[in-house]
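Structural overview
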Amino acid sequence: MSGYKFNNRVVQWVDDRLPVFSVLYHSTVDYPTPRNLNYWWNYGSLALFALVVMIVTGIFLAMSYTPHVEHAFESVERIRRDVNYGWLIQYLHMNGASMFFIVVYIHLFRGLYYGSYKAPREVLWWLGVIILLLMMATAFMGYVLPWGQMSFWGATVITNLFSAIPVVGDAIVTWLWGGFSVDNPTLNRFFSLHYLLPFVIAAVVFLHLVALHTTKSNNPLGIDPTGPQDTIPFHPYYTIKDMYGVGVFLLFFLYFVFFAPNVLGHPDNFIPADPMVTPPHIVPEWYFLPFYAILRAVPDKLGGVVLMFAAIVVLFFLPWLDSSRVRSARFRPIYKQFFWLLVLDCIVLGWVGANPPEGSFVLIGQVATVYYFFHFLVLLPLLGKFEKTRPLPASISAPVLKGGGKVVAEASAQRMEKA
Amino acid sequence: MAEPATHAHGASGQGESRRDFLLYATWAVGAVGTAAALWPFVHSMNPAADTLALSTVDVDLTPIEEGQSITVMWRGKPVFIRYRTPAEIEAARAVNVDDLPDPQPDEERVIEPQWLVQVGVCTHLGCIPLGQKPADPKGDFGGWFCPCHGSHYDTSGRIRKGPAPANLEVPEYAFLDDTTVRIG
């Protein structure tokens, strides 16, 4: 790490004692990155950007928020109406949560498509799944804080999931609540944890990056770089590409913030929490809908809860469930089709989750749930054995550089854009 | 920062200046954009609209007897209102202004001579001086005495002795009628 020499003597002096500059240089400038990354590889840096936006807006919101059942709803309304730019910060935070999940879900499906979870990136993948779980916990608790009707009843329903646990279930729920219903102690601890967890996420993101920089990035071809001709330095090529991605992302994000700030929310959350009246139709935020559909697909309390958690736990085992040694779906003609079927399945689950559990929605939800697990538990282990994969190219540069050897970087850099 | 890109394209003199211009222009736009994005966050910490809306308070003076003081809350701070006796007014005006640490004639500190309105926060380090209640120590000059670090204020609220650098602040106020004053 200390192999770098810096022209600035102060930088060198610090670096000899604490190699921050070496590490930064090594991991953001010099870092050799596959030259063929496409735009789907932007979503990692976008997720980091979204996390920073959430933490910064959250810190400023916390300055004006009161975690008390008597004041929480009003303090959020005060943020929207009276605090300078409070409307902007609150809408950035509220819509930022949705944006964070959009980005992370695309990032996750990118990993599924290109086999980014396979050896040697299993731990990198696990850390990503842990981040997803932490995000879900954080988002859920954050949604409770405005103390509207959906906040209150969402908190009631989700905490009651734990009552499905045999024997100790009720004791656990009472412990989670700090009382006999969702009330002020619940709100206080949720606020405390909602402030804590993003920093835990940041720590896991750091580990995620350490693991990434150890195994290096996967790429659309799913083959390892064979030498310097297959990689380019992270800076300026991917810094500029990531910044461009952030610009496009901001256009999308800020469209919602400025022109449709409440379209992703639920109007019932503008009614103050009332422990005596449940809204007629309880739905979680859109990013939980597929899991909500799985929960409701099982006509058994414990079974539904177990299956819902299993839907995420199954991702931990993905590196071993997928028996194919070929990473990228580009060379897996059958897996590629089932991948898109899984995407469709998740969308169907989300659609079912948004609708009341009656009529044909019950059946559709059950079929989609079965298919979700069928994909991971049956299809993936079998596909690796029976699928005939396409031949892999000799190297990343081979398909575009006829001969694939040492070449001038200039000529290929532009042609690679289309690869 | 531009070096690797410049090398990658191996541009000659002409291309370099154009590239440099684009680079600096991009940095400039980025810096302005970042500053513009930071401002809402900074400004959100300034007093909110509802806080500003509470920044005036009306006080009815009728219950105050001559020689009495009352303390009212204004912007979260105590405001001292004293109905001064002719003796106190005379004491405040008999002083040679040039000898004061913070020279200011009593006439400039009041609208109606008998009504002294001032922010009851010591100009040293923000404690509340004693002297509002009849039993309080009033310092060596019959006004107020700050117990934190021993500043003495006279019957016009001017600093006379002790570490405080300035006279007690006189807030903006106006008489709505003979017996009502609006502070702020």
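Nothing here was measured: the structure is a model prediction, and the numbers come from that model.

Conventions we followed
- Residues numbered from 1 in each chain as written.
- Chains lettered and ligands numbered in written order.
- Predicted model: local features only at pLDDT ≥ 70, side-chain atom pairs only at ≥ 80, totals over all residues.
- Heavy atoms only, no water.
- Buried < 20%, exposed > 50% of the residue type's maximum accessible area, 1.4 Å probe, protein only.
- Helix = DSSP H or I, 4+ residues; strand = E, 2+ residues; numbered from the N terminus.
- Pairing = 2+ DSSP bridges.
- Disulfide = S-S within 2.5 Å.
- Core = buried A, V, L, I, M, F, W, Y, C linked by side-chain atoms within 4.5 Å.
- Contact = heavy atoms within 4.5 Å.
- Axes fitted to C-alpha atoms, helices over the stretch in contact; angles between N-to-C directions.
- Parallel < 35°, antiparallel > 145°, perpendicular 65-115°, else oblique.
- Left-handed = near helix turned anticlockwise from the far one by under 90°.
- Nonpolar A, V, L, I, M, F, W, Y, C, P; charged D, E, K, R; others polar.
- pLDDT = per-residue confidence, 0-100.
- Phe/Tyr/Trp six-rings, centres within 6.5 Å; stacked < 30°, edge-to-face > 60°.
- Lys NZ or Arg CZ within 6 Å of the ring centre and 35° of its normal.
- Patch = residues over 30% accessible without salt bridge, like charges linked within 9 Å, V, L, I, M, F, W, Y side chains within 5 Å.
- Areas by Shrake-Rupley, 256 points an atom, 1.4 Å probe, with all protein chains shown as cover.
- Salt bridge = Lys/Arg side-chain N within 4 Å of Asp/Glu carboxyl O.
- Lys, Arg positive; Asp, Glu negative; His and termini not counted.
- Charge placed at Lys NZ, Arg CZ, Asp CG, Glu CD.

Our next topic: the pairing of strand β6 (residues 151-154) of chain B. All names here are of chain B. Covered by surrounding structure in β6 are Ser151 and Tyr153 together with His152 and Asp154, the residues of both alternating faces. Here strand β5 (residues 142-146) hands over to β6 after 4 residues, with Gly150 in that stretch at a positive phi of 75°. With 2 bridges joining them, β6 and strand β7 (residues 159-161) adopt antiparallel strand pairing. For Tyr153, the partnering residue across the bridge sits in β7 and is Ile159. The loop that links β6 with its antiparallel partner β7 comprises 4 residues; one of these, Gly157, has a positive phi angle of about 75°.

Next up on the list: the state of the cysteines. Residues and elements named next belong to chain B. Under the counting rule described, the total for this entry stands at 1 disulfide over all chains. Here Cys127 engages in a disulfide with Cys148; their sulfurs sit 2.0 Å apart. Note on the Cys127 and Cys148 pair: the S-S dihedral is about -95°, so by sign convention the disulfide is left-handed. Remark: Cys148 occurs in the loop between β5 and β6 and Cys127 occurs in the loop between β4 (115-119) and β5; sequence separation between them is 21 residues. Taking relative accessible area as the criterion, Cys148 reaches 38% and is therefore assigned partly exposed.

Leu112, Tyr372 and Phe376 of chain A are the most contacted members of the largest nonpolar core, which has 114 residues in total. Tallying contributions element by element places helix α5 (residues 86-113) of chain A first for this core, with 15 residues. Excluding residues within four positions of it along the chain, Phe376 of chain A makes contact with Leu112, Val314, Leu315, Leu318, Leu321, Leu342 and Pro381 of chain A. Leu61, Ile64, Trp115 and Val119 of chain B belong to the second-largest nonpolar core, a separate cluster that totals 13 residues.

Residue and element names in this part refer to chain A. Packing of helix α12 (residues 301-316) against helix α15 (residues 360-386) leaves a shortest axis separation of 11 Å and a crossing angle of 25°. For the element pair α12 / α15, the angle class is roughly parallel. The way α12 lies across α15 gives a crossing that is left-handed. Between α12 and α15, the contacting residues are Leu307, Ala310, Ala311, Val314 and Leu315 on the first element and Thr369, Tyr372, Phe373, Phe376 and Leu377 on the second. When the residues that make up the contact of α12 with α15 are grouped by side-chain class, the tally is 9 nonpolar, 1 polar and no charged.

This paragraph deals with the environment of Ile159 of chain B. Residues and elements named next belong to chain B. With respect to the helices and strands, the residue Ile159 is situated in strand β7. Once the C-alpha coordinates of Ile159 and Leu100 are considered, the two residues, 59 residues apart in sequence, prove to be 7.6 Å apart. Ignoring any residue separated from it by four or fewer positions in sequence, one finds Ile159 in contact with Pro101, Asp102, Ser151, His152, Tyr153, Ala164, Pro165, Ala166 and Asn167.

Further remarks concern the sheet that holds β6 of chain B. All names here are of chain B. The antiparallel open sheet is built from 3 strands, whose spatial order is β5-β6-β7. At either end of the open sheet lies a strand with only one pairing partner, and these are β5 and β7. The mean angle between the axes of side-by-side strands here comes to 35°, regardless of whether they run parallel or antiparallel.

To continue, consider the confidence of the model for chain B. Low-confidence regions, as indicated by low pLDDT, have predicted coordinates that should not be scrutinised in detail. Residue and element names in this part refer to chain B. Here chain B averages 88 in pLDDT, while 92% of its residues score no lower than 70. Predicted confidence in chain B is weakest over helix α1 (residues 3-9), with a mean pLDDT of 44, and strongest over β4, with 95. Throughout residues 1-12 the model reports pLDDT below 50, and contacts reaching past four residues in sequence, or to other chains, amount to 15 contacts. Both scores are available for the predicted complex, with the pTM at 0.86 and the ipTM at 0.84.

All names here are of chain B. Among the 5 residues of β4, 5 are classified as buried, and the element is accordingly described as predominantly covered. Neither face of β4 is left uncovered, since the one carrying Trp115, Val117 and Val119 and the one carrying Leu116 and Gln118 both have all their residues buried. Sheet topology note: the strand β3 (residues 77-83)/β4 ladder contains 5 bridges and is antiparallel. Considered in β4, the bridge of Arg82 is made with Leu116.

Here we take up the sheet that holds strand β8 (residues 173-177) of chain B. Residues and elements named next belong to chain B. The sheet built from 3 strands is open, its strands ordered β1-β9-β8 with antiparallel pairing. Lying at the two open borders of the sheet, with one neighbouring strand each, are β1 (57-60) and β8. Strand-to-strand twist across the sheet, computed as the mean angle between neighbouring axes with direction ignored, equals 25°. Summarising the sheet, β8 and strand β9 (residues 180-183) pair through 4 bridges and their orientation is antiparallel. Counted as the bridge partner of Asp177 is Thr180 from β9.

Below, the discussion takes up the packing of aromatic side chains. Residue and element names in this part refer to chain A. Under the defined criterion, the tally for this structure stands at 43 aromatic pairs over all chains. Ring geometry for Trp40 and Tyr43: centres 6.0 Å apart, planes at 25°, overall stacked. Where Phe191 meets Tyr195, the ring centres are 6.5 Å apart and the plane angle is 85°; that geometry is what we call edge-to-face. In this pair, Phe191 and Tyr195 both sit in helix α9 (residues 184-215), 4 residues apart, roughly one turn of the helix. A connected cluster of aromatic rings, assembled from ring pairs, spans Trp41, Phe109, Tyr113, Tyr114, Tyr335, Phe339 and Trp340. For the cation-ring pair, Arg110 lies above Trp41, with the distance from its terminal atom to the ring centre recorded as 4.4 Å. Residue placement shows Lys241 over the ring face of Tyr39; its charged tip is 4.5 Å from the ring centre.

Let's shift gears to a negative patch on the surface. Taken together, Asp60, Glu112, Asp177 and Asp178 of chain B make up a surface patch of like negative charges. Tracing the backbone through its elements, the reader meets Asp178 of chain B in the loop between β8 and β9.

Moving on, we get to unusual backbone geometry. The omega torsion across Ala119 of chain A and Pro120 of chain A is 5°, close enough to zero to call that bond cis. Relative to the helices and strands, Pro120 of chain A is located in the loop between α5 and α6 (122-144). For the bond from His235 of chain A to Pro236 of chain A, the omega torsion is 5°, close enough to zero to count as cis. Here Pro236 of chain A is to be found in helix α10 (residues 234-259). For Lys216 of chain A, which is not glycine, the phi torsion reads 70° and is therefore positive. Looking at the secondary structure, you find Lys216 of chain A in the loop between α9 and β2 (231-233). The exposure class assigned to Lys216 of chain A is partly exposed, which follows from its relative accessible area of 27%. Phi at Arg75 of chain B is positive, roughly 50°, even though this residue is not glycine.

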